[in-house]
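Residue strings, one per chain:
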Amino acid sequence: MFTIANRLFDVRISATEQPELWHPAVRFYEVRDHNDERVAQFYLDPFARQKKRGGAWMDVCTNRLTSRRRRQLPTAYLVCNFTPPIEGLPTLLTHDEVQTLFHEFGHGLHHMLTRVDYPAVAGINGVAWDAVELPSQFLENWCWEREALDLFAFHWETGEPLPQSLYERLRSARHFQTALQTVRQLEFALFDFRLHLEYAPEQGARVAELLEEIRSDISPIRPPAFNRFANGFSHIFAGGYAAGYYSYKWAELLSADAFSLFEERGVLDPASGRAFREHILEKGGSEDPMSLYIAFRGREPRIEALLRQAGIEDAKAA
């Protein structure tokens, strides 16, 4: 992961001594630029342990700040809950876990490689809700590419690289039921949009009725009558995604379209990596996300790359 970031974004990431860490499994890293100047730092806390919160996330320790009085480096912490090493054996990550690590590191790079000196719009701060997942989902793409996997995916005992037959099965599994998953996300996003857009006090929310209308229009598989999905849709009722659930699919589109530049020029093309760093990672929330994306890609995002990644044929191209 670090090797890929080093090649793409012209940085050098290395572990460093930090004697005051609160747990021996936590590691402290420095990020340096091509001039060997330290530009950021982060903590990596990868393993599960008792009383540790579940899940995986990246968050901010300190923001980038430059003033007449001081210069503060951006510092992040990346937290996961992988199985820790046992009895001298190494931790072996599943492919899903590798994706999780890359995802959170994408958020970390967005925070750490910013060149904005005002904390309110530096790094991940101030980034529009439907653009903040672009760097994280974007970095996940390298988990599926042979050229990238060959940098780290070796048999832990023999050092043998990932067999081609296993790699092809991995790629095939990526497309399993992707069309149904896409429709499912569209159902959730439409429900979220219409619930907020069409609310009328005299009618009430019409939660169940509205969801049933949407399912009648687009869902090929209908849940049983006793299903009460909406009652537990915490993302929009208690998770901060109200009227914004669409951002999940939108971020996938941005990610796929951005990565298509690397598919055209080379998975580890440093010029494309520097362009992504300059126009996306360094700018944080200081400019309109679409303007930044166009500056990087040379155009607005298109859907074709997302359909190709999902194994869904474009009807116009068929």
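In what follows, the structure referred to is the one given above.
So, how was this worked out
Residues numbered from 1 in each chain as written. Predicted model: local features only at pLDDT ≥ 70, side-chain atom pairs only at ≥ 80, totals over all residues. Heavy atoms only, no water. Pairing = 2+ DSSP bridges. Helix = DSSP H or I, 4+ residues; strand = E, 2+ residues; numbered from the N terminus. Axes fitted to C-alpha atoms, helices over the stretch in contact; angles between N-to-C directions. Contact = heavy atoms within 4.5 Å. Salt bridge = Lys/Arg side-chain N within 4 Å of Asp/Glu carboxyl O. Buried < 20%, exposed > 50% of the residue type's maximum accessible area, 1.4 Å probe, protein only.

1. Notes on the sheet that holds strand β4 (residues 57-62)
Point 1. Taken together, the five strands give an open sheet; going across it, the order is β1-β2-β3-β7-β4, and neighbouring strands pair in mixed fashion. Because the sheet does not close on itself, it has two edges, and the strands there are β1 (12-16) and β4. Across the sheet, the mean angle separating the axes of adjacent strands is 25° when strand polarity is ignored.
Point 2. On the sheet, helix α1 (residues 2-9) packs against β1, β2 (27-32) and β3 (38-47) and is oriented at approximately 140° with respect to β1.
Point 3. Taken strand by strand, helix α2 (residues 95-112) contacts β1, β2, β3, β4 and β7 (75-82), and its axis lies near 170° from that of β7.

2. Notes on the environment of Ile 312
Point 1. Note that Ile 312 resides in the segment after α12 (304-309).
Point 2. Residues Ile 312 and Ala 179, spaced 133 residues apart in sequence, show a C-alpha to C-alpha distance of 6.9 Å.
Point 3. Once residues within four sequence positions are removed from consideration, Ile 312 is found in contact with Thr 178, Ala 179, Thr 182 and Leu 307.

3. Looking at the pattern of salt bridges
Point 1. For the structure shown, the criterion picks out 21 salt bridges.
Point 2. Its salt-bridge partner being Arg 194, residue Glu 213 comes within 3.0 Å of it at the nearest N-O pair. In this pair, Glu 213 sits in helix α7 (residues 207-218) while Arg 194 sits in helix α6 (residues 178-197), placing the two residues 19 residues apart along the sequence.
Point 3. Under the relative-accessibility criterion, Glu 213 is labelled partly exposed at 31%.
Point 4. A salt bridge links Lys 283 to Glu 287, with the shortest nitrogen-to-oxygen separation between them at 3.6 Å.
Point 5. A residue is classified by how much of its surface remains accessible, and Lys 283, at 24% relative accessible area, is partly exposed.

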